[in-house]
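# Descriptive structure summary
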Amino acid sequence: MKEIETIQVGKNFSAVSVGKMNEIIEHVLPMGPDIFIQGKVFAGQSVGATGSEFSFQTLVPGQDSGFLHTHKTHEELYFILKGEGLYQVDGDIFPVSEGTIIRVAPDGKRALKNTGKQNLTMLCIQYKANAFTEADSPMADGVILQEELEW
């Protein structure tokens, strides 16, 4: 079983590695006493994320996510990093492939299926819905510092 590797930790950051994208399938997520999901890893806690959680998951050809699910308060963004498949939200089913991004509100009933001949790998970011305001836009929140870059 593959594990998350800590790369570096500092006062204002932490860096980890989940491995190469083709190694995500080697992770195993324990969901209960007898329930394990092969090919899924949550990594938000590993980096100390305070406003979101994120996971990587790989589905082998023909595999689906196993169940429909919703969330109580979390919106999700799904990024298809590799492969192709079908995504389902509230009964709407549509094709997805590398480069597809899907946003799903908390109440959306969602699932993913790999319909391709190669592994499908995705990144899912979940965060509290309706938490951002205009003050949170990248242009309003970002601060460009007048310091020299050092490499």
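Check the entry above for the structure.
So, here's what we can say about the structure. It should be emphasised that the depicted structure is a prediction, and the values quoted were computed from it without experimental measurement. (Residues numbered from 1 in each chain as written. Predicted model: local features only at pLDDT ≥ 70, side-chain atom pairs only at ≥ 80, totals over all residues. Heavy atoms only, no water.)

### What about the pairing of strand E6 (residues 53-59)?
- The buried fraction of E6 is high, at seven of seven residues.
- Side chains of E6 alternate between two faces, with Glu53, Ser55, Gln57 and Leu59 and Phe54, Phe56 and Thr58 buried alike.
- Looking at chain direction, strand E5 (residues 40-42) and E6 are connected through three bridges and run antiparallel. Bridge assignment links phenylalanine 42 to a residue of E6, and that residue is serine 55. (Buried < 20%, exposed > 50% of the residue type's maximum accessible area, 1.4 Å probe, protein only. Helix = DSSP H or I, 4+ residues; strand = E, 2+ residues; numbered from the N terminus. Pairing = 2+ DSSP bridges.)

### Notes on the sheet that holds strand E9 (residues 92-97)
- With respect to topology, three strands assemble into an open sheet ordered E9-E8-E11, the strand pairing being antiparallel. Each edge of the sheet is formed by a strand with only one pairing partner; in this case those strands are E9 and strand E11 (110-114). Across the sheet, the axes of successive neighbouring strands diverge by a mean angle of 25°, strand direction being ignored.
- Looking at chain direction, strand E8 (residues 84-89) and E9 are connected through six bridges and run antiparallel. Following the sheet pairing, tyrosine 87 is matched in E9 by phenylalanine 94. (Axes fitted to C-alpha atoms, helices over the stretch in contact; angles between N-to-C directions.)

### A look at the pattern of salt bridges
- Per the stated rule, a full pass over the model turns up three salt bridges.
- Between glutamate 23 and lysine 2 there is a salt bridge; the shortest N-O distance is 3.5 Å. Separated by 21 residues along the polypeptide, glutamate 23 in the loop between strand E2 (13-17) and strand E3 (28-32) and lysine 2 in the segment before strand E1 (5-10) bring together distant segments of the chain.
- On the basis of relative accessible area, glutamate 23 is assigned to the partly exposed category, the value being 22%.
- Its relative accessible area of 24% is what places lysine 2 among the partly exposed residues.
- Here arginine 110 ties to glutamate 76 by a salt bridge, and the two come within 2.6 Å at their closest N and O atoms. With arginine 110 in strand E11 and glutamate 76 in strand E7 (residues 74-82), the pair connects residues that are 34 residues apart, well separated along the chain.
- Residue class for arginine 110 comes out buried when judged on its relative accessible area of 0%. (Salt bridge = Lys/Arg side-chain N within 4 Å of Asp/Glu carboxyl O.)

### Some thoughts on the environment of glycine 51
- With respect to the helices, strands and loops of the structure, glycine 51 is situated in the loop between helix H1 (44-47) and E6.
- A relative accessible area of 56% places glycine 51 in the exposed class.
- Sequence-wise, glycine 51 and glycine 39 are twelve residues apart; in three dimensions their C-alpha atoms are separated by 24 Å.

### Examining the pairing of strand E10 (residues 101-104)
- Judged by which residues are buried, E10 turns out to be one-sided: Ile102 and Val104 face inward and are buried, whereas Ile101 and Arg103, on the alternate face, are not.
- Of the strand pairs in this sheet, E7 and E10 are connected by four bridges, and their pairing is antiparallel. Along E10, the bridge assignment pairs tyrosine 78 with isoleucine 102.

### Side note on the environment of valine 89
- Tracing the chain through its elements places valine 89 in strand E8.
- Separated by 19 residues in sequence, valine 89 and glycine 108 place their C-alpha atoms 5.9 Å apart.
- Not counting residues up to four positions away in its chain, the partners in contact with valine 89 are Phe94, Val104, Gly108 and Lys109. (Contact = heavy atoms within 4.5 Å.)

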